[in-house]
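Summary of the model geometry
As a plain string of letters, each chain reads:
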Amino acid sequence: MKLLVCIKQTPDSTVRVKVGPGGRSIDESGVTWAIAPYDEYAVEMALERKDADAATTVAVVTVGPPRAKDALRQALAMGADEATLVTGAEAATLEGLGVARALAAVVAEAKPDLVLCGRQSSDDDQGFVGPALAEVLGWPHVAAVTNFTGADGAVDVWKEVEGGHEVWRASGPAVLTVQKSEKEPRYPSLPGIMKAKKKEIPEKDVAALGIEGGAPRLEIVKMEPPAARGGGKILKDGDTRQTAAELVRLLREEAKVL
Amino acid sequence: MKAWAVVERSPSGIRRVSLEVAAKAKDLGEASVLEVTGLARPSALPAVAALAKRAAEAKPDLVLVGATAGGRDLAARLAARLGWAYASEATGIAIDGASATVTRTMYAGKVRVTVKAPLPAVVSVRPGAFTLPQGAGEPQVEGVAASAADEPLAFQRFEPSAAAGGKVPLAEARVVVSGGRGLKGPENWKMVEELAGVLGAALGASRAVTDAGWRPNEEQVGQTGRTVTPDLYIALGISGAIQHLAGMTSSKVIVAVNKDPDADIFKVADYGVVGDLFEFVPAFTDEVRKAKARG
Amino acid sequence: MIAPTAGNALLVAVLVAVWAVGWGLFARRAWQLYRYLRLGRDEDRTQRPARRIRDELVVYLGQQKLFKRPYLVRGLAHAFIFWGFAVITIGTVDLFLSGVFGFRVPGTGTALFVWTVDLFAILVIASIALALVRRLFFPPPRMHVALDGYLILGGIAFLMVTLLLFETTGLVAGVAAPGFADPPLARLLHDLWPLGDAASAAVYGAAWWGHLVGVAAFAAYLPQSKHLHIFTTLPNVFFRSQRPRGALDLIDGIEERETLGAGSVRDLSWKQLLDGYTCTECGRCSDQCPALATGKPLDPQRIVLDVRDQLLRQGGRLVLDGSDRGTPPARWSATKVEELWSCTTCGGCVEACPVTIEHIDKIVDMRRWLAMMEGDVPPEAQRALTNIERAGNPWGQPRDARAEWAAGLGVPTSAERPDAEWLYFVGCAASYDRRNQRVARSVVEVLRASGVSFAILGNEETCNGDPARRIGNEYLWQTQARANIETFARYGVRKVIASCPHCFNTIANEYPQLGGSYEVVHTAQLVQRLVTEGRLHFAPGAGASAGAKERVAYHDPCYLGRHNGIYDEPRGVMDVVPGVDRVEVRPHHRERGFCCGAGGGRMWMEEKVGQRVNHRRMDQILAADAATPVTKVASACPFCLIMLDEAAGAKGVQERIKPIDLMELVAARLPEKETATP
């Protein structure tokens, strides 16, 4: 089975993202970059499939600036077989439907059986590209996937819903947006890291992909830190019952949430 | 300005977030409230096909959907099909001539942004972002017929969760009671469930306890779990690591109970109780029960 | 004595033949074992030859490690057996030579020699008797009571008895050699001897032959049993690691290596395999192991013996395979993996082992395989590693929040004060953990009060890498170490203060492996020094509290104590701080200190089996209460503090006993401080 995983390189989750001087984008200085968390689960899910069935190949692709190659190398180090970087002057500003179209061009060439990606990236938090890619390809998609089994023509996909999972069967190619994999994303072995360092990562220029332009874009007008919280009341000493009653009163009368 | 509100139904009626969205649509312009009908199980493709067809005829400027799991899925695909701008999890919308000014968060909730989306656009709306006006009844809903034949995937079965968490689903809960390591072990969750029961709340958990297998993964609130936006979030024995905060800081009111006065959760809590949660929670549950009984 | 073979060529031939067979079998087996040993990876153990010779004399000949408490008496018994054996061996050689060539080893006729032999004969017999009684009636829990042990003890006893018999009967039968002194015991027993001349001569012959044949049989049996240790201990001590105690070995050229760590016996070094041969199965390492004591599957003795058993089981096949590495030896089984992760690297096993076996090196080598070749590490530990890699600290806290503990204190960074004398390397725990941030602030107070010129790296400091190295990810450790070494170089850092023993250990003992050499002190050592130099004074305490002492237990952190021999300085500090009455947690203190459970990367792993190590430690500390209760327990390590805090909370004793750091104790008594409670 041939799997293609679409990933995005985003600021690592430990980074305290700060608003840049222009007030419209983040301050990228000192940011550690990594594969977006949900995308990492997608890579892991593909690799788990490969562990179970040696005939599986896992390819990864990303659309982004040159530094996104590091994210691809991380995926290779984890065990992916090949990686492609879609870059170029336009790649840095491509978003939404534009990205979906660029990825669709890669998919058309690679012809995978399934495309996986995280259900949303941790920079724009939109969760758009997965379904959009499916739409451009004209493929069905399943969101919030936690597992899949089966072979060509009959792939069962577990979709997380309230209270459990729905199992849907895909009889042809589909896009899966991943919520969580069975296991935590694996830590790459050192030989894996070394091999990945030496691996060739072909680059494709967005401009050369021949995608139609004219995708709508969101313009960031203002960016600011989240509304400051806290400065809340701390109830500390005193009788437990009194404190409990006081809290109920505050929630009822002051916060008006009870 | 023509605005659509696409509503979703739960077994007990139109979902609250859909009502909020419908009210907002009415606020913004000439509103139509639509519901996709004719599907035994909600699925994106048939709904998108039906709505896109209707959109081609009716030509709305803005389509609003409540940002439930299903809603986000539907909205994204619809926007792609129509080739329209898309913004997810809006906390505020205003129309400004030929664009919509949307406020939302980015970077896993670490920053707030105001973006301009050129109309026409599809926007999914965060539950609880818009308050329902008092005494608002159910809106007039137009059905949009969808055909299951448009769904190439074949539904096999539903598998309920083994340890199905609380009875209230986490995603759109108005109140969430969340437990962390401070509860010491899975056997102590009775207390959490009781409080949740009295409050009609969903159950949440920190990553530490879902990783340890104390609670099912579906309950995990945080960076790689769910992001929740309730009116009231009660964190019990949770220290407030960044990854957890990322999943709940947009809650309207945060209450934290922890024995460590220096716990980070107190930095974001609106009300904090420093003390032994094994003593406090039962007492608090009792007081809530009494207060609710009083009416 | 005149040999029974004297003048009889046939008997001489028989004697030679017997010894040829016995020693021949010995040599054959020894050669086979040697070849198995050579299967292991190369390792250079020739550094510091003078130290090696010294260790040989003190540890091997001097039996130094045998005498540790609580094994003193047993240690003496063994020492007597060993020394006795050595001395008596001269006699045995003498016997053989006289039996074959009629030639006596010079000096064996002297009074000194015969007295020494007889003295040791008595000591040996007494020790054997003691050992047999213990083994039969009071075997310690970790001892393998096996046939092998009885055979050895019986064999030695047999040799001693035959020795005394032929000495005595030789005297009786009048076959004493002229000019040779009479053995005193023989003299004694001579008067009690019941048999007549002829019978005695027969007994003499039998005993003489019995003794020599016995030795040959012993030689043949030796390499099949753990008793081989009498030979292998010689090289095992000589080739012991001369690295600083707390340092693990470096994997050089790590990026070019094909295999990393030990996935099977072939990947272990020859020295590690030699350890397997040398294990005497005494179980002293097991006695000290905190994991075993609390019900974990790890038994350090088992780790060593399993290496030996695997080697013996597979050695034959592997030796034949020659250089063909295509047929890999068996990988570690699933249970072994669980054992490996249970280790806290506390060093109790290494400290206790009388024959200098290096348990931790083996365990870490096997972890290295799991961590770097298979990427198979317990998930929580894996997360800690990923966090170190991405955020520079195992908790995954933001890099730019590293110096927040110092907010408002005006602590200069190296960038602001490049000419500072000392670098205070704060460490991840004190930087990010709430409880330990207070300790960092206490350190700053103490440094300022003593006028020490220092700076911190602030956000440029990154994890020293110790957890990564202990978990087995050598590569990550090297990456972290190089980053810090580079930063140190940029600021011309030469002297480093560490408040965490893990930072201290790795910077002092392991960074030099990558070219970073500095003068490194732990805060306990520094305070000791400052007090001696008169740069640090204490306020005696005001009013009623003056003269009042609180009882404070001292908990030895493993990486300060066992791994670095720093036992006295923290105690010295406690004794000099007014108002502190130091309590020892006997017998688990100093070299026998019991681990808090956080070492070896276990801080970031779950304990799923048995009692928590830190809870057991707290039990021991609470039991140190004598008539007057202990109100505080002081340690000098942030992990110990976290673990003891957790234990106190879990046991509900946090009102009764408060875990604190040594530096908090010191800071509370600085002049201009009124409060006595940290």
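Criteria and cut-off values
Residues numbered from 1 in each chain as written. Chains lettered and ligands numbered in written order. Predicted model: local features only at pLDDT ≥ 70, side-chain atom pairs only at ≥ 80, totals over all residues. Helix = DSSP H or I, 4+ residues; strand = E, 2+ residues; numbered from the N terminus. Rg over C-alpha atoms; globule rule 2.2 N^0.38 Å. Buried ≥ 20, exposed ≤ 12 C-beta atoms within 10 Å, placed from the backbone. Contact = placed C-beta atoms within 7 Å. Pairing = 2+ DSSP bridges. Axes fitted to C-alpha atoms, helices over the stretch in contact; angles between N-to-C directions. Parallel < 35°, antiparallel > 145°, perpendicular 65-115°, else oblique. Left-handed = near helix turned anticlockwise from the far one by under 90°. Nonpolar A, V, L, I, M, F, W, Y, C, P; charged D, E, K, R; others polar. Expected span 1.5 Å × (residues − 1). Domains from an automatic or database assignment. pLDDT = per-residue confidence, 0-100.

Turning our eyes to something else, we now look at the overall build of chain B. Within chain B, the regular secondary structure consists of eight helices and 17 strands. Compactness check: chain B gives a C-alpha radius of gyration of 20 Å against a globular reference of 19 Å for 295 residues, within 12% of the reference. Principal-axis analysis of the C-alpha atoms gives chain B an extent of 60 × 45 × 40 Å. Counting the 295 residues in chain B, one finds 59% classified as buried.

What chain A contains, in helices and strands, is six helices and 13 strands. For chain A, the spread of C-alpha atoms along the three principal axes comes to 65 × 45 × 40 Å. Buried positions account for 51% of the 258 residues belonging to chain A. Considering only contacts within chain A whose residues lie at least 6 apart along the sequence, 70% involve residues at least 24 apart.

Residues and elements named next belong to chain C. Spatially, 2-1-3-4 is the arrangement adopted by the four strands of the open sheet, whose pairing is parallel. Taken across any chain shown, the strands that pair with only one partner, and hence form the sheet edges, are strand 2 (454-455) and strand 4 (519-522). Note that strand 1 (residues 422-425) and strand 3 (residues 495-498) share three bridges and pair parallel. Along strand 3, the bridge assignment pairs Leu-423 with Val-496. Against the sheet, helix 22 (residues 523-532) makes contact with strand 3 and strand 4, and its axis sits at roughly 90 degrees relative to strand 4, the strand it touches most.

Bringing the interface of chain B and chain A into the picture now. Size of an interface: often given as the accessible area lost when the parts come together. Counting residues at the interface gives 69 residues for chain B, matched by 66 residues for chain A. Listing elements by their share of the side of chain B that touches chain A, those giving two or more residues are helix 3 (69-82), strand 6 (85-90), strand 8 (99-106), strand 9 (111-118), strand 12 (154-160), helix 7 (265-268), strand 17 (271-274) and helix 8 (277-294) of chain B. Strand direction decides the pairing type here: strand 13 (residues 233-235) of chain A and strand 17 of chain B, joined by three bridges, are parallel. Among the inter-strand pairings, Leu235(A) is bridged to a residue of strand 17 of chain B, identified as Val273(B).

It is worth spelling out the sheet that holds strand 6 (residues 114-118) of chain A at this point. The mixed open sheet is built from ten strands, whose spatial order is 11(A)-5(A)-4(A)-1(A)-6(A)-10(A)-7(A)-8(A)-9(A)-12(B). The two strands at the open ends of the sheet, each matched to only one other strand, are strand 11 (203-205) of chain A together with strand 12 of chain B. Across the sheet, the axes of successive neighbouring strands diverge by a mean angle of 30 degrees, strand direction being ignored. Bridging between strand 6 of chain A and strand 10 (residues 174-178) of chain A involves five bridges; their strand directions are parallel. Across the sheet, Leu114(A) pairs through a bridge with Ala174(A), a residue of strand 10 of chain A. Packed onto the sheet, helix 1 (residues 37-52) of chain A meets strand 1 (2-7), strand 4 (57-63), strand 6 and strand 10 of chain A and runs at close to 145 degrees relative to strand 6 of chain A. This element, helix 2 (residues 69-78) of chain A, spans strand 1, strand 4 and strand 5 (82-87) of chain A of the sheet and lies at about 165 degrees to strand 5 of chain A.

To continue, consider the packing of helix 4 (residues 129-137) of chain A against helix 3 of chain B. Packing of helix 4 of chain A against helix 3 of chain B brings their axes to within 8 Å, and their N-to-C directions diverge by 40 degrees. Classified by the angle between their axes, helix 4 of chain A and helix 3 of chain B sit oblique to one another. For the pair helix 4 of chain A and helix 3 of chain B, the sense of crossing is right-handed. On the side of helix 4 of chain A, the interface is formed by Pro131(A), Ala132(A), Glu135(A) and Val136(A), while helix 3 of chain B contributes Asp73(B), Ala76(B), Arg77(B), Ala80(B) and Arg81(B). Here the contact of helix 4 of chain A with helix 3 of chain B is composed, by residue class, of five nonpolar, no polar and four charged.

The terminal C-alpha atoms of helix 1 (residues 9-37) of chain C lie 40 Å apart, and with 29 residues this matches the ideal 42 Å at 1.5 Å per residue to within 8%. Taken residue by residue, helix 1 of chain C has Leu15(C), Gly22(C), Phe26(C), Leu33(C), Tyr36(C) and Leu37(C) as its buried positions.

For the rest of this paragraph, the subject is the packing of helix 22 of chain C against helix 23 (residues 568-576) of chain C. Residues and elements named next belong to chain C. Close contact between helix 22 and helix 23 brings their axes to 8 Å; oriented N to C, the two are set at 50 degrees. On the basis of their axis angle, the class for helix 22 and helix 23 is oblique. Where helix 22 crosses over helix 23, the handedness of that crossing is left-handed. Residues Ala-524, Gln-525, Val-527, Gln-528 and Val-531 of helix 22 touch helix 23, and the partners they reach there are Glu-569, Pro-570, Gly-572, Val-573 and Val-576. Classifying every residue of the contact of helix 22 with helix 23 gives six nonpolar, three polar and one charged.

Looking now at the domain arrangement of chain B. Residues and elements named next belong to chain B. Domain boundaries in chain B define domain 1 (2-150) and domain 2 (175-294). Spacing between the C-alpha centres of domain 1 and domain 2 amounts to 31 Å. Listed as interface residues are five residues of domain 1 and, on the opposing side, nine residues of domain 2. For the side of domain 1 that touches domain 2, a count of residues per class yields two nonpolar, two polar and one charged.

All right, on to the domain arrangement of chain A then. Domain annotation of chain A identifies domain 1 (2-209) and domain 2 (229-258). Placing the centre of domain 1 of chain A and that of domain 2 of chain A at their C-alpha centroids yields a distance of 45 Å.

This part covers the environment of Leu82(B). Residues and elements named next belong to chain B. Within the secondary structure, Leu-82 sits in helix 3. Distance in space between the C-alpha atoms of Leu-82 and Val-177 is 39 Å, their sequence separation being 95 residues. Filtering out sequence-adjacent residues up to four positions away, Leu-82 remains in contact with Ala-52 and Ala-55.

Along strand 9 of chain B, six of the eight residues are buried, which leaves the element largely enclosed by surrounding structure. Bridge count for strand 12 (residues 219-224) of chain A against strand 9 of chain B is five bridges, and the pairing is antiparallel. What sits directly across from Ile220(A), in strand 9 of chain B, is Val115(B). Two strands pair when backbone bridges link them, and strand 8 of chain B and strand 9 of chain B are joined in this way by eight bridges, in the antiparallel orientation. Paired with Thr103(B) across the two strands is Thr114(B), which belongs to strand 9 of chain B.

Our focus in this paragraph is the pairing of strand 1 of chain C. In terms of strand pairing, strand 1 of chain C meets strand 2 of chain C through two bridges, oriented parallel. Its bridge partner lying in strand 2 of chain C, Leu423(C) is registered against Ala455(C).

With that settled, consider the environment of Gly214(C). Residues and elements named next belong to chain C. Mapped onto the elements of the fold, Gly-214 is located in helix 7 (residues 197-221). For the pair Gly-214 and Asp-361, spaced 147 residues apart in sequence, the C-alpha to C-alpha distance is 38 Å. In this structure, Gly-214 is in contact with Gly-155, Phe-158, Leu-159 and Thr-162, ignoring residues within four places of it in sequence.

Here we come to the confidence of the model for chain B. In this model, chain B carries an average pLDDT of 89, and 98% of its residues clear a pLDDT of 70 or more. For this predicted complex, the interface confidence reaches an ipTM of 0.91, while the overall pTM sits at 0.89.

We now examine helix 8 of chain B. Compared with the 26 Å implied by 1.5 Å per residue over 18 residues, the 25 Å span of helix 8 of chain B between its first and last C-alpha is a close match. When we look at burial in helix 8 of chain B, the residues that qualify are Leu277(B), Phe280(B), Val281(B), Phe284(B), Thr285(B), Glu287(B) and Val288(B). Those residues of helix 8 of chain B that are buried are in contact with helix 6 (240-254) of chain A together with helix 4 (189-199), strand 15 (232-236), strand 16 (253-258) and strand 17 of chain B.

With that settled, the discussion passes to the environment of Val115(B). With respect to the secondary-structure elements, Val115(B) resides in strand 9. Judged by local crowding, Val115(B) falls into the buried class, with 23 C-beta atoms found within 10 Å. Along the chain, Val115(B) and Ala90(B) lie 25 residues apart, while their C-alpha atoms are 10.0 Å from each other. Ignoring anything within four residues of it in the chain, the contact list for Val115(B) reads Leu218(A), Glu219(A), Ile220(A), Val221(A), Ala87(B), Val102(B) and Arg104(B).

So, about unusual backbone geometry. At the junction of Leu119(B) and Pro120(B), the peptide bond is cis and its omega measures out at 0 degrees in the coordinates. Note on placement: Pro120(B) falls in the loop between strand 9 and strand 10 (121-125). In this chain, Arg586(C) is followed by Pro587(C) through a cis amide linkage whose omega measures -5 degrees. Notably, Ala144(A) is not glycine yet its phi reads approximately 55 degrees, a positive angle. Residue position: Ala144(A) is located in strand 7 (residues 141-151). Overall, the presence of 22 C-beta atoms within 10 Å leaves Ala144(A) in the buried class. We note that Ala108(B) has phi near 50 degrees; this positive angle belongs to a residue other than glycine. Assignment of secondary structure puts Ala108(B) in the loop between strand 8 and strand 9.

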